[in-house]
There are 4 protein chains.
Amino acid sequence: MIKTGAQYRDDMERMKPSIYMMGEKVENYQKDPRFRSSFNLVALNHDICFDEKYRDLAVCHEPLVDEPVRRFTHKLQTTQEDSLKKAQLTRQVCRHHICGWCMSNSLCILWTLTHDIDRKYGTEYHQRFKEFAGFLMKNDYDCFWAMMNPKGDRSLKLDQQKQGSPGVKIVRKDKKGIVVRGAKVSNSYATCSLYTFAVPCTALTEGEKDYAVAFAVPSDEKGVHFIVRPAPNRDSSAPDHDMENPIGSEIGIVEGTVIFDDVFVPWERVFMCGEWDMAQQLPLLFSNIHRQSKCACLAGHSDLVCGVASLVADVNGTSRIGHIREKITQLMIEAEVAYGCSLGAAMEGSLHPGGIFIPSTAITNAGVTYIKKLTGEQIQLLHDVSGGIICTMPVEADYRNPVTKKWMDAYLFGSSKYTTEERLRALYLAQEIASSKFTGYFIGWGVNAAGSPAACDIFVRSHYDLKASVSVAREWAGIKEKKRPSQKANSER
Amino acid sequence: MIKTGAQYRDDMERMKPSIYMMGEKVENYQKDPRFRSSFNLVALNHDICFDEKYRDLAVCHEPLVDEPVRRFTHKLQTTQEDSLKKAQLTRQVCRHHICGWCMSNSLCILWTLTHDIDRKYGTEYHQRFKEFAGFLMKNDYDCFWAMMNPKGDRSLKLDQQKQGSPGVKIVRKDKKGIVVRGAKVSNSYATCSLYTFAVPCTALTEGEKDYAVAFAVPSDEKGVHFIVRPAPNRDSSAPDHDMENPIGSEIGIVEGTVIFDDVFVPWERVFMCGEWDMAQQLPLLFSNIHRQSKCACLAGHSDLVCGVASLVADVNGTSRIGHIREKITQLMIEAEVAYGCSLGAAMEGSLHPGGIFIPSTAITNAGVTYIKKLTGEQIQLLHDVSGGIICTMPVEADYRNPVTKKWMDAYLFGSSKYTTEERLRALYLAQEIASSKFTGYFIGWGVNAAGSPAACDIFVRSHYDLKASVSVAREWAGIKEKKRPSQKANSER
Amino acid sequence: MIKTGAQYRDDMERMKPSIYMMGEKVENYQKDPRFRSSFNLVALNHDICFDEKYRDLAVCHEPLVDEPVRRFTHKLQTTQEDSLKKAQLTRQVCRHHICGWCMSNSLCILWTLTHDIDRKYGTEYHQRFKEFAGFLMKNDYDCFWAMMNPKGDRSLKLDQQKQGSPGVKIVRKDKKGIVVRGAKVSNSYATCSLYTFAVPCTALTEGEKDYAVAFAVPSDEKGVHFIVRPAPNRDSSAPDHDMENPIGSEIGIVEGTVIFDDVFVPWERVFMCGEWDMAQQLPLLFSNIHRQSKCACLAGHSDLVCGVASLVADVNGTSRIGHIREKITQLMIEAEVAYGCSLGAAMEGSLHPGGIFIPSTAITNAGVTYIKKLTGEQIQLLHDVSGGIICTMPVEADYRNPVTKKWMDAYLFGSSKYTTEERLRALYLAQEIASSKFTGYFIGWGVNAAGSPAACDIFVRSHYDLKASVSVAREWAGIKEKKRPSQKANSER
Amino acid sequence: MIKTGAQYRDDMERMKPSIYMMGEKVENYQKDPRFRSSFNLVALNHDICFDEKYRDLAVCHEPLVDEPVRRFTHKLQTTQEDSLKKAQLTRQVCRHHICGWCMSNSLCILWTLTHDIDRKYGTEYHQRFKEFAGFLMKNDYDCFWAMMNPKGDRSLKLDQQKQGSPGVKIVRKDKKGIVVRGAKVSNSYATCSLYTFAVPCTALTEGEKDYAVAFAVPSDEKGVHFIVRPAPNRDSSAPDHDMENPIGSEIGIVEGTVIFDDVFVPWERVFMCGEWDMAQQLPLLFSNIHRQSKCACLAGHSDLVCGVASLVADVNGTSRIGHIREKITQLMIEAEVAYGCSLGAAMEGSLHPGGIFIPSTAITNAGVTYIKKLTGEQIQLLHDVSGGIICTMPVEADYRNPVTKKWMDAYLFGSSKYTTEERLRALYLAQEIASSKFTGYFIGWGVNAAGSPAACDIFVRSHYDLKASVSVAREWAGIKEKKRPSQKANSER
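Predicted model only: the values in this text are computed from it and were never measured.

Chemist: Where do I start with the relation of the copies chain B and chain A in this structure?
Modeler: Related by rotation about an axis and a shift along that axis, the two copies of the chain form a pair. With an RMSD of 0.0 Å, the operation that places chain B on chain A is a rotation of 180 degrees combined with a shift of 0.0 Å along the axis. Each copy turns onto its partner about a two-fold axis. The position closest to the rotation axis in chain B is occupied by the C-alpha of Gly344(B), lying 2.0 Å away. With an isologous cut-off of 70% or more, the 100% of interface residues of chain B that recur at the interface of chain A puts this contact in the isologous class.

Chemist: Sorry, what's going on with the interface of chain B and chain A here?
Modeler: Interface size is commonly expressed as the accessible surface area that is lost when the partners come together. On the side of chain A, 71 residues touch chain B, which itself brings 70 residues to the contact. Both faces combined, the contact of chain B with chain A buries some 6200 Å², and carbon together with sulfur accounts for 65% of it. Where chain B packs against chain A, one counts 0 salt bridges. Linking chain B with chain A are 16 residue pairs in polar contact (both at pLDDT 80 or more). For the side of chain B that touches chain A, the leading source of residues is helix 10 (residues 322-347) of chain B, giving 15 residues. Looking at side-chain class alone, the side of chain B that touches chain A contains 33 nonpolar, 15 polar and 22 charged residues.

Chemist: Honestly, the interface of chain A and chain C in this entry has me stumped. Any pointers?
Modeler: Opposite the 85 residues of chain A that make contact, chain C presents 85 residues. Counting the surface lost from both chain A and chain C, the interface buries some 6700 Å², and carbon and sulfur atoms represent 59% of this. Our count for the contact surface shared by chain A and chain C stands at 20 residue pairs in polar contact (both at pLDDT 80 or more). Across the side of chain A that touches chain C, the residue classes break down as 34 nonpolar, 36 polar and 15 charged.

Chemist: Help me understand the packing of helix 9 (residues 281-316) of chain D against helix 12 (residues 375-386) of chain D in this model?
Modeler: The geometry of a pair of packed helices is captured by two quantities: the angle between their axes and the separation between those axes. Residues and elements named next belong to chain D. For the pair helix 9 and helix 12, interaxial distance at closest approach is 9 Å and the crossing angle is 10 degrees. In this view, helix 9 runs roughly parallel relative to helix 12, as classed from their interaxial angle. Touching Ser302, Val305, Val308, Ala309, Val312, Ala313 and Asn316 of helix 9 are Gln378, Leu382, Val385 and Ser386, all from helix 12.

Chemist: What should I look at first to understand the sheet that holds strand 8 (residues 195-198) of chain D in this one?
Modeler: Backbone hydrogen bonds are what pair the strands of a sheet, in a parallel or an antiparallel way. Residue and element names in this part refer to chain D. Reading across the sheet, the 4 strands line up as 5-8-9-12 and stay open at both edges, with mixed pairing between neighbours. Every other strand in the sheet has two partners, leaving strand 5 (143-146) and strand 12 (270-273) as the edge strands with one partner each. Strand-to-strand twist across the sheet, computed as the mean angle between neighbouring axes with direction ignored, equals 20 degrees. The pairing of strand 8 with strand 9 (residues 213-218) spans 4 bridges and is antiparallel. Within strand 9, the residue paired with Ala198 across the bridge is Phe215.

Rules of the game
Residues numbered from 1 in each chain as written. Chains lettered and ligands numbered in written order. Predicted model: local features only at pLDDT ≥ 70, side-chain atom pairs only at ≥ 80, totals over all residues. Heavy atoms only, no water. Least-squares fit on C-alpha atoms with pLDDT ≥ 70 in both. Contact = heavy atoms within 4.5 Å. Buried area = accessible area lost by both parts, 1.4 Å probe. Salt bridge = Lys/Arg side-chain N within 4 Å of Asp/Glu carboxyl O. Polar contact = N/O pair within 3.5 Å; in protein donor to acceptor, adjacent residues only side chain to side chain. Helix = DSSP H or I, 4+ residues; strand = E, 2+ residues; numbered from the N terminus. Nonpolar A, V, L, I, M, F, W, Y, C, P; charged D, E, K, R; others polar. Axes fitted to C-alpha atoms, helices over the stretch in contact; angles between N-to-C directions. Parallel < 35°, antiparallel > 145°, perpendicular 65-115°, else oblique. Pairing = 2+ DSSP bridges.

Following this line, the structure appears as structure tokens:
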């Protein structure tokens, strides 16, 4: 049963997680204004299912439970069409709401991982996972995804670190379940869901087998603690913000660190436990399934920057100037290229034996690394199109003070198609995106969310069909293939 | 009936076109060595249909004639699948043979154009075109595409030029047909086919209505003259070229100017005649149907450069050096992004009422302009990876002279995985692509074939859904849409 | 007499300007914490003159007053050496303190402008200006520079605007002086000095002659009002900031709008009054004198980003990874190229008849537009090198809470060369630059301060010696120069 | 005594070197047309000294011989002014004649190297070199520079190679001199001078000490053999070339491999012999002295491309179109930035104890790597501005055939400011630069001459003052410097 945003909020009411924010323990976080924008965004991702503008893409039937589910959250993507519709929905939503929280990708990853572990080791993770996934779907529960380890000293393995133990590891096992300890960082939406998944984030060695663990726990389980930072929403030092932070006042994403302080997990929610050689599957599945979403997501962000740039040019009366038009066109090109790659990746996808449709790793990662590397430049273009005024103009509160409003109306007008207030509104929006606390998050979601550009480059290198291209070169050059097992250029990091 | 390369050559034997090359009239061009590489390439595009490596993609059934046809040449693309398979075949072939001569795109364009003219004007062009297309298909005849006008003085319309009359225009009409006069430039494969299509290349005004003409003529029709330049194949000043020009020695594309010196065309081969307001359809249809091919084509060219760079790095023993690997990865990314866009454009395509499947104009042009702008840099990267030696080393003839061969063997070896000759072969191949007469054509096919980057930018600008992006910006900014008919930023050049 | 920072603060004590900030009138701004960082920065620019690390460059002798002056503030640049030393000092200071407030550039601009007006019109502005400049020098008074007009509707001239009157104009003249009305925007350091300069910012037409006015007034003159926004310093919503905003806690730049509400200016401080045809000198002199500084300034900013990226890579233990090293090298290259151009511009400079040394307009603007267009990408690189953690990690206050500090120490350590606190300090610094309110200002100072990239491009186009390059092309092509007055490609916008 | 081009040719008359070209031994190369363009270019570099347009920069007084010398060839650069004038002359000449053959750089390098070896080892190389340099100066002899080793297997040292012995080594020593054996590759102007220098090209290990050898020999010394390839001048397959290859018909640079087949060198021309630890000086001195020239040289090449693009836009009538103008402006910016860095490098230079003025390594290499990476894109821009026609139009011979000339005149005209022939001349010039055999050389001179971009990057990395930038970061972050000898990030490759 798909729940509305209001029903999601009701579900969250009963949670009593251990949360720390800005140096203090948070009580009654459901009412704390610093969480408001994040709850709003999750609720919005429920509500789009009841909004005719999105419904056709946002809602779909899921055979596992034989019910309609939210595509972003619970769809097991088993066909090319699933993959395409996800991309379409992602661009559309991210253009508007920044993020669609596409956690169905996690279900697909764990579905495939548990399938493969069972096939190799005769374990029963897959059935367990099916049941847990069905449970989430039937209750329309969100579930956030804790994957990223703190890295510690990167020249050392997890089990060789000297200053501590980054990552989450199994410290005990018994008949009922396991006990885990450690931390996960860079967790978007931490505290915003009833359940928390944790999974490995890199390939592991045998010595690191205790870190080969995947599981789910209620977010208020004993021993689970969150250190969360507020989304870049209201800047509380300013008295009024209807115009100045329109996006952040409404929606946002808390970012958190999760501590597992000897947390017990019963076997029915353990999905990997010691199969260290299978851990490499996780970054691989992440690299195609989740980055295909990221590719469409950043197309949407490019659309947003493009739309804002175009609106600002219009209020400034500069939209016909050649270089302004070229810069806006550049943003269009970037949006379309990223989106094209997200769709194209679906076209070259293939079905995994476990049933999940896997988009092309090479196209996905090429598209994502292309657009990730442009996120800073896009902000620069928005400054360029908007002018220095987005860093220097009087703030909204000055426009609400009649003394200064009079001057602002007299001097800060722009194109005669707009009122001064309309011009200011457009400039404040540009300011929020390009010159506010929001800016850094916006760039960060581009550059590092779903993996760094360098990580994407590595997956292009390892999945591009270099052999085919070199064969053509050898054929033209008249150089025969070597018998020797050379040509490993593309298999190394 | 699909014909082999040999059968294609047989067909061409009977032609007696009027050809000028390098200052002289050419007799018996079928035997002239300067045409050899071009005939080879066309023949190859026949022969791949009999090669198991390509056949599944290269041959398909065409309902119009209820026969198998060559996909590149005669397939009317009516489904998304057609569009995708064309893209796949294009990358694969262009990676290897530079060009697949995808003239089925022209058939699709004329199919759609004639359909639309008839619908508006009640004319009968479409039926005529169907018959002519069926005739080409049944005989497996190639047909080259003369579209580009000489531009004359670009600040003046075609009918206002003072120094002459660039473009092809109707000079007479009667019951039997029309007489046309003028020139078309930048015609790849001119002289390599039995028939020649000519069509407008830009939107026209009423005063230019005589230039609104589309037709086909036999390539040796009276009054048709070709001024052709040889493909960059053998450099005749050098004695021996097995190693030095491996690509150009085999395949190439003659480029020609076609003169229509009062040529009569009977009505059955006239497909547009004066409908000046419909001429704008041509660049538009070209921009999506043909550039989707170009996008995949340049992915293939990127593959070729990548394969050569990788082979050269291997023979030089530098393939594990960080910056070399990054540069080769960059080429991979570029190939995958362009290919992703070609596939993605198919995904967002739609069916034209005339029956042709039209890929997304915005994605196609974004992908194409992206990769076109990188063609020079790709050549720079190949110089960078290969080293200065590709411009300075002894030529092949020196390697055939025992005196100098001895020194070359002693000093010019590379990685121990390869013989000196193998290293030289790889370097000569890199030289052909990056530092020979071939280089300029290779860049030219990238930058200007199928339209300049600026032309592609314009189509992104006019087809990107700017309204949607600006709506989002307006909504966040709290600025209502205006009633006034403003917001035309995207409809102008 | 060069004053210390403390003496500067003493001077400011007596000011009683009319200031509005965040919706309210500000009383006793000398004590208001929101002005603290800006006063600090100005004071620092005094104190470097007493710091042996900077003194040799920062202090110099000024013949006009035959006294030592602060180079940044009061040096009339009359030799190539002046121009070079200014560039050296600028990079060094901006690498560290973001901004050196190089207002001596304004003195040079007004020196030259008044000289030229007098020569043409026989006026006496130059002598007046000399006296006023000497007065500033002798008292070591800072003086901020109000140049930028609000643009209004950009398709209309200043005197044709319909919604109001952007820009500052003369409304009355009499024997004693003039009365001015209007506004200037984007004024860095507004309110931080005893005096305020105002000058035109674009070429003017005869109809706009009332806007051709340059003058100085005490910053607390009757009728002068400031609407100022605080520098991005403390984010008051957070309890503690020693680690999180190290730069903004110390230094900053208030940005303000200045309203001239019928302000009287006596003739001795009027430096231009109606000579509309001379207004074009201002953007031109600004484009070389001030942008040469900007070029070195942004080299310094690139150094800062490079230093932070390198430090973060070191605390993360990633400084030997190939792609990290390449990215840091890229930042080095950008810093050196911008700095090289700033120095190179001095080398190709020339002496204006009025005595000021003018650096090369073409080199200056080429260097500046190069580095301006990279400011967004530099922030992206810092995200890339630092990792997602700079947007997601616990805040400083969490590190001061013993409960969460324990976990942070246990899990958030990095390279064993550093303590966890040291690592956090480095990451917080990266966060301030790349993901805080500071970020937008930092990009803004890059993109738009001292003129937009497009403005710089125009000055390259108008000052590059295109005639020489085209002559070479003509000579090789064998095309004679035309007599006709063509070839104006570079003289238009 | 400075010699004219004619006197240079007279000097060359008596040479009888052993030359192989295109598979054959060349007799009487002084008359061989394939050497003509190279002799022309060297002669031109003599003749500019008698041309008032260049003379002031091209001729200067050299204290060593107390005579005027050619700056490019024989000036020992001992002051900042020398360094600046060299840069000015280089841009001016390379804009026009592609190359000024700045071999004075070699004299400066060997001057410094011999000085430093003597100081360390008490040897007498410096005095010998002084005498030889004086001899060259007094006779105005050119002397080409053989530096680049064939690289062999790059994972192995020179003394560990298995397939042969790349590089030049000492095989015998006696009282009279030494005997050397080996090869040098990528030697521009090989065979065009009376003498040949050979020097190491990389740092060496003790095991490679036999390769630590620098010397000069007459170019027709016994045992010296050249394998030379013709400059990309006339394409002999075409009948007439006044219009089509204007540059290559006049000037060019033969590129050669030099074989030292047990060549005897008397001690008076030996300048290094076994001091392996000093070999690293060579790439270092090369990196600043010679690359400062390269930076100005590529500014000149950018000017040439810019001038041709501008001329072509004018003949095409497109010079006012926005995107065309932006592309030409981009070329201007690139030229000015590279030139600015060349001048700026001189500004930050310093005097070596041996007396040579050394420009800034960091600025030089930053400027060079910037412009080198753009050489491919510049060619792409020229294609873009020119249009596809430069790869497809009728050739010059067709314009000389009255039949085809008539059609070309009728259809291939452009802007009415030019005749059709003038338009063709401009297009043929663009073709030579962007789409002919010349193109590859032109890119190659950009990318690899004077070192690859990667080599330049390494020198930026090793000479940028990273310590200063990191200190600033540490200070802001509040992290003290470590005592430990860490922070070596910039000292490794």
